[in-house]
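Here are the chains, one letter per residue:
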Amino acid sequence: QVQLVESGGGLVRARCSLRLSCAASGRAFSAYAIGWFRQAPGTEREFVASISKNGGSTYYPDSVKGRFTISRDNAKNTVYLQMNSLKPEDTAVYYCAAEPGVVTVTPVTWEYWGQGTQVTVSS
């Protein structure tokens, strides 16, 4: 029902910034809340940020709060994750996900997923 494609990942130095994009197909983009998750080697996939269908509400865990900002442009079917003050521990594959219903921080509760984009932060 919706396809998601992440872009914008890469190799950056600590304390630098990066902006990820999640482009969605279809006309029903506004029917989905969008989330960002990440998974580092040897770890479980973890919640990074989410934004409500109309962009009115955003949520972040303490690990990224104040550094990361999620936003969406429904006219462009795109969600962004602005990442500032990056740390080596932010290194992970970053995934965007879409969910038409109630959203949580648990990855399995999100219905649609992109393939991910690698973010590597060097010391």
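In this text the structure is predicted, and so the values were computed from the model without any measurement.

## Looking at the overall build of the protein
Point 1. A count of helices and strands for the protein gives zero helices and eleven strands.
Point 2. The order of α-helices and β-strands along the protein, N terminus first, is β-β-β-β-β-β-β-β-β-β-β.
Point 3. Relative to the 2.2 N^0.38 estimate, which gives 14 Å for 123 residues, the radius of gyration of the protein is 13 Å and therefore close to what a compact globule would have.
Point 4. With the C-alpha coordinates aligned to their principal axes, the bounding extent of the protein is approximately 40 × 25 × 25 Å.
Point 5. Classification of the 123 residues of the protein by burial places 43% in the buried group.
Point 6. Contacts spanning at least 24 positions in sequence make up 56% of the contacts within the protein whose residues lie at least 6 apart.
Point 7. For the protein, the accessible area works out to roughly 6,400 Å², and carbon and sulfur atoms hold 49% of it.
Point 8. Put simply, the protein has 12 plus and 9 minus side-chain charges, and the middle of one group is 8 Å from the middle of the other.

## Some words on the pairing of strand S4 (residues 33–39)
Point 1. In terms of burial, S4 is a largely internal element, six of the seven residues being buried.
Point 2. Pairing geometry for S4 and strand S9 (residues 92–99), over seven bridges, is antiparallel. Among the inter-strand pairings, Ala33 is bridged to a residue of S9, identified as Glu99.
Point 3. Judged from the five bridges that link them, S4 and strand S5 (residues 46–51) form a sheet pairing that is antiparallel. Paired with Arg38 across the two strands is Glu46, which belongs to S5.
Point 4. Linking two consecutive strands that pair antiparallel, namely S4 and S5, is a turn of six residues; a positive phi of about 75° is found at Gly42 within it.

## Points about the sheet that holds strand S7 (residues 68–73)
Point 1. Within the open sheet, the four strands sit side by side as S1-S3-S8-S7. Their pairing is antiparallel. This sheet does not close on itself; its edge strands, each paired only once, are strand S1 (4–7) and S7. If you compare each strand with its neighbour and ignore which way they point, the axes differ by 15° on average.
Point 2. Sheet topology note: the S7/strand S8 (residues 78–83) ladder contains six bridges and is antiparallel. Bridging from a neighbouring strand, Ile70 pairs with Leu81 of S8.

## Brief notes about the packing of aromatic side chains
Point 1. Inspection of every chain in the model, using the stated rule, returns five aromatic pairs.
Point 2. Judged by centre distance (5.8 Å) and plane angle (85°), the rings of Tyr32 and Tyr112 are edge-to-face. Pair noted here: Tyr32 is in the loop between strand S3 (18–24) and S4 and Tyr112 is in strand S10 (residues 112–113), with a separation of 80 residues, a long-range link.
Point 3. Of the residues examined, Tyr32 reaches a relative accessible area of 3% and is grouped as buried.
Point 4. Ring plane angle 70° and centroid distance 5.7 Å describe the contact between Phe37 and Phe47, whose orientation is recorded as edge-to-face. On the criterion of sequence distance, the pair formed by Phe37 in strand S4 and Phe47 in strand S5 is long-range, its members being ten residues apart. Accessibility assignment for this pair places Phe37 and Phe47 in one class, buried.
Point 5. Grouping aromatic residues by their ring pairs yields a cluster made of Phe37, Phe47, Tyr95, Trp110 and Trp113.
Point 6. Between Arg45 and the ring centre of Tyr95, over which it is positioned, the NZ or CZ distance is 3.7 Å.
Point 7. Over the ring of Trp113 we find Arg45; its NZ or CZ atom is 5.0 Å from the centre of that ring.

About the thresholds
Residues numbered from 1 in each chain as written. Predicted model: local features only at pLDDT ≥ 70, side-chain atom pairs only at ≥ 80, totals over all residues. Heavy atoms only, no water. Helix = DSSP H or I, 4+ residues; strand = E, 2+ residues; numbered from the N terminus. Rg over C-alpha atoms; globule rule 2.2 N^0.38 Å. Buried < 20%, exposed > 50% of the residue type's maximum accessible area, 1.4 Å probe, protein only. Contact = heavy atoms within 4.5 Å. Areas by Shrake-Rupley, 256 points an atom, 1.4 Å probe, with all protein chains shown as cover. Lys, Arg positive; Asp, Glu negative; His and termini not counted. Charge placed at Lys NZ, Arg CZ, Asp CG, Glu CD. Pairing = 2+ DSSP bridges. Axes fitted to C-alpha atoms, helices over the stretch in contact; angles between N-to-C directions. Phe/Tyr/Trp six-rings, centres within 6.5 Å; stacked < 30°, edge-to-face > 60°. Lys NZ or Arg CZ within 6 Å of the ring centre and 35° of its normal.

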